[in-house]
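Take a look at the letters that make up each chain.
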Amino acid sequence: MTSKKGKFIVFEGIDGSGKGTQIKKLKDYLDRSGIKTLLTCEHTRDLPVGKLIETTLNGGEKIDPLSLQICFTADRRDHYQKVIQPALERGEFVISDRYYGSTVAYTDDKMKQIMLDFNQNIVPGADLTIFLDVDPKMAMKRIGDGRSTKTIFERLETLTKSRNSYLWFCKKMKGDVIVIDGNKDINTIHLNVLKKLKNKKIL
Ligand code: ADP
């Protein structure tokens, strides 16, 4: 995959961690600074494998969890080649809501390392990945999920498992992933994001 001029920033975090909110604030900041920015997200909705993922998530197709993560990885490579890389070559900033940290976070423990290695071998890494770390209970409150106690319990368990997987991912990625406390208020988090981007000389 060819050389690039722009910067590639990824936001990761469990549902309700505030990724969408922070991405929008960062985009507003970059717009005000005159920096051309492309916002994108996984999975794609208009590329072939992304469409299959969408159908699967909507219950239209049954697929086992690891096969689904392999689909996410195929979609990621296509997304990089067709959307992300061209924007980087035009010198733009690209901000993606999720990238391969999500595959690690949603893969069973025994396959995590393999899926991480697989992804690192087939798609380029981001210039910086920001993991918004929130307490799963806080995330649940934000997304206002679950009507029955059982649903709430199951949801909390899933979010906690994903958060732990993300922490494993952050440890493996060392300095390539910055962990930001996502429990704070929206503006404080935004300022922390800007600070980290400046520290890493991305801004
Ligand atoms: P994600 O994209 O990670 O699922 P969102 O950005 O959609 O998360 O945020 C989920 C909900 O939480 C939204 O209603 C949003 O307004 C709210 N929210 C996001 N960040 C914060 C924050 N720091 N404090 C309080 N509420 C927040």
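One numbering rule holds for all chains: residues counted from 1, following each sequence as written. Reporting of local features is limited, given that this is a predicted model, to residues whose pLDDT is at least 70; pairs of side-chain atoms are given and counted only at 80 or more, and all residues count toward the totals for whole chains, interfaces and linings. Side-chain metrics in this entry use all non-hydrogen atoms of the structure; hydrogen atoms and water are not considered.

Attention now goes to the site of the ligand. We call a residue near a given molecule or strand whenever any one of its heavy atoms falls within 4 Å of it. As a matter of local geometry, the ligand sits amid 13 residues, with Gly16, Lys19, Gly20, Thr21 and Lys184 nearest to it. Whenever two N or O atoms come within 3.5 Å, that pair is a polar contact, provided that in protein one can donate a hydrogen and the other can accept it, and provided that, for residues adjacent in sequence, both atoms are side-chain atoms. Between Gly16 and the ligand, the recorded distance is 2.9 Å, taken from a backbone N or O atom to an oxygen atom. Arg142 has a polar side-chain atom sitting 3.4 Å from a nitrogen atom of the ligand. Note that accessible areas follow from Shrake-Rupley with a 1.4 Å probe, and for residues the cover is restricted to the protein chains shown. In the complex, 64% of the free accessible area of the ligand, which totals 560 Å², lies under the protein chains. Mapped by element, the contributors of at least two residues to the shell around the ligand are helix 1 (19–32) and helix 8 (186–199). Only runs of H or I of at least four residues qualify as helices and only runs of E of at least two qualify as strands under DSSP, and these elements are numbered from the N terminus. The dominant element in the shell around the ligand, judged by the number of residues it contributes, is helix 1, at three residues.

Once that is clear, we can look at the layout of surface pockets. Volume-wise, the largest pocket comes out at about 680 Å³. Leu68, Gln69, Ala105, Tyr106 and Thr107 are, among the 27 residues lining the largest pocket, the residues nearest its centre. Broken down by secondary-structure element, the contributors of at least two residues to the lining of the largest pocket are helix 3 (65–89), helix 4 (100–105), helix 5 (109–122) and helix 7 (149–173). Broken down by element, the residue count for the lining of the largest pocket peaks at seven residues, all from helix 7. Per-class residue counts for the lining of the largest pocket are nine nonpolar, eight polar and 10 charged. Note on definitions: the grid is 1 Å and covers protein atoms alone; a cavity is a set of points where a 1.4 Å probe fits but cannot get out; a pocket is an open set with protein on both sides within 12 Å along at least five of seven lines; lining residues have an atom within 4 Å of a point. Grid points are joined across faces, edges and corners, and a volume is the space filled by probe spheres set on the points. The nonpolar class holds Ala, Val, Leu, Ile, Met, Phe, Trp, Tyr, Cys and Pro. Asp, Glu, Lys and Arg form the charged class, and all remaining residues, Gly among them, are polar.

Close approach of charged atoms lets side chains of opposite charge pair. Should a side-chain nitrogen of Lys or Arg be within 4 Å of a carboxyl oxygen of Asp or Glu, the pair is scored as a salt bridge. According to the stated counting rule, one finds 13 salt bridges in the structure shown. Note that Asp31 and Lys27 form a salt bridge whose closest N and O atoms lie 3.0 Å from each other. Within this pair, Asp31 and its partner Lys27 are both found in helix 1, separated by four residues, close to a single helical turn. Across the pair Arg90 and Glu92 runs a salt bridge, and its minimum N-O distance is 2.9 Å.

With that settled, the discussion passes to the packing of helix 3 against helix 5. Only the contacting stretch of a helix is used when fitting its axis, a line to C-alpha atoms as for every element, and angles between N-to-C directions run 0 to 180 degrees. Between helix 3 and helix 5, the shortest axis-to-axis distance is 10 Å and the interhelical angle comes to 15°. The angle between the axes of helix 3 and helix 5 places the two elements in the roughly parallel class. Crossing of helix 3 over helix 5 shows right-handed handedness. Taken together, the residues of helix 5 that come into contact with helix 3 (itself represented by Leu66, Gln69, Ile70, Thr73, Arg76 and Arg77) are Met111, Met115, Phe118, Asn119 and Ile122. Grouping the constituent residues of the contact of helix 3 with helix 5 by class yields six nonpolar, three polar and two charged. When an angle is under 35 degrees it counts as roughly parallel; over 145 it counts as roughly antiparallel; between 65 and 115 it counts as roughly perpendicular; any other value is oblique. Take the far helix as your reference; a near helix turned counterclockwise from it by less than a right angle gives a left-handed crossing, and one turned clockwise gives a right-handed crossing. Should any heavy atoms of two residues lie within 4.5 Å, those residues are considered in contact.

The geometry of helix 2 (residues 48–57) relative to helix 3 is characterised by a closest axis approach of 8 Å and an angle of 145° between their N-to-C directions. Judged by the sense of rotation from one axis to the other, the crossing of helix 2 with helix 3 is left-handed. Across the interface between the two elements, Pro48, Val49, Gly50, Leu52, Ile53, Thr56 and Leu57 from helix 2 touch Leu68, Cys71, Phe72, Ala74, Asp75 and Asp78 from helix 3. Among the residues making up the contact of helix 2 with helix 3, the classes are represented as nine nonpolar, two polar and two charged.

With respect to the helices and strands, Arg98 occurs in the loop between strand 3 (93–97) and helix 4. Each residue gets one of three labels from its accessible area relative to the maximum for its type: buried under 20%, exposed over 50%, partly exposed in between, using a 1.4 Å probe on protein chains only. Since its relative accessible area comes to 13%, Arg98 is described here as buried. A polar contact is formed between the side chain of Arg98 and the backbone oxygen of Gly13, at a distance of 3.5 Å. A distance of 3.0 Å separates polar atoms of two side chains, one belonging to Arg98 and the other to Ser102.

Multiplying 1.5 Å by the helix residue count minus one yields the expected span of that helix. With 14 residues, helix 1 ought to run about 20 Å at 1.5 Å a step, and its terminal C-alpha atoms sit 20 Å apart, in line with that. On its buried face, helix 1 sits against strand 1 (7–12), strand 2 (37–41), strand 3, strand 4 (128–133) and helix 8. After helix 1 finishes, the residue Gly34 shows a positive phi value of roughly 75°.

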